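# Structural features, examined
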Amino acid sequence: MKKKRLSPFSQLENMLQTQEQKDTLLEIIEPLKDVYRDDFCLASLAYIRFGIHRFFQNKAIQALFNYYCKVLDK
């Protein structure tokens with residue numbers, strides 16, 4: 001039996017604990033280009049699982065990630 005591969009977004013969504021975390025994720029992810037969506041979700045997963053705070057070259061994405069880390073820490 002093959003395992004179904006979950007997208008980074010689906011993996012992250014499954015780990016979120018509050019409705020605020022889910023709602024905020026959707027607000028942040030929706031306007032992002034596909035190339036940033038997976039990176040943002042993978043960075044968020046690493047933050048939740050291992051406490052790793054990723055730094056993005058794109059300042060707007062960095063600002064969104066910093067904000068989302070604060071939401072996750074609530």
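What you see is a predicted model, and the numbers here were worked out from it, not measured in a lab.

## Observations concerning helix 3 (residues 34-50)
- Here helix 3 is 17 residues long and its end C-alpha atoms lie 24 Å apart, about the 24 Å a rise of 1.5 Å per residue gives.
- The set of residues buried in helix 3 consists of F40, C41, A43, S44, L45 and Y47.
- Those residues of helix 3 hidden inside the fold are in contact with helix 1 (8-15), helix 2 (19-29) and helix 4 (59-73).

## Details of the packing of helix 1 against helix 3
- Where helix 1 meets helix 3, the closest approach of the two axes is 8 Å, and the angle between their N-to-C directions is 35°. Read as a crossing pair, helix 1 and helix 3 show a hand that is left-handed. Across the interface between the two elements, P8, F9, Q11, L12 and M15 of helix 1 pack against D38, C41, L42, S44, L45, I48 and R49 of helix 3.
- Here the contact of helix 1 with helix 3 is composed, by residue class, of eight nonpolar, two polar and two charged.

The rules we used
Think of each chain on its own: its residues are numbered from 1, step by step along the sequence as written. Since the coordinates come from a predicted model, pLDDT governs what is reported: local features require at least 70, and pairs of side-chain atoms require 80 or more to be given and counted, while whole-chain, interface and lining totals use all residues. Side-chain metrics in this entry use all non-hydrogen atoms of the structure; hydrogen atoms and water are not considered. Only DSSP runs of H or I covering at least 4 residues are called helices, and only runs of E covering at least 2 are called strands; the numbering of each starts at the N terminus. Here the expected span of a helix is defined as 1.5 Å times the quantity of residues minus one. Partly exposed describes any residue whose relative accessible area lies between the buried limit of under 20% and the exposed limit of over 50%, with all areas from a 1.4 Å probe on protein chains only and scaled to the type maximum. It only takes one pair of heavy atoms within 4.5 Å for two residues to be counted as in contact. Axis geometry follows a simple rule: fit a line to the C-alpha atoms, using only the stretch in contact for helices, then measure angles between N-to-C directions, giving values from 0 to 180 degrees. Each crossing gets its hand from how the near helix is turned against the far one by less than a right angle, where anticlockwise is left-handed and clockwise is right-handed. Throughout this entry, Asp, Glu, Lys and Arg are counted as charged residues, while Ala, Val, Leu, Ile, Met, Phe, Trp, Tyr, Cys and Pro are counted as nonpolar. The remaining residues, Gly among them, count as polar.

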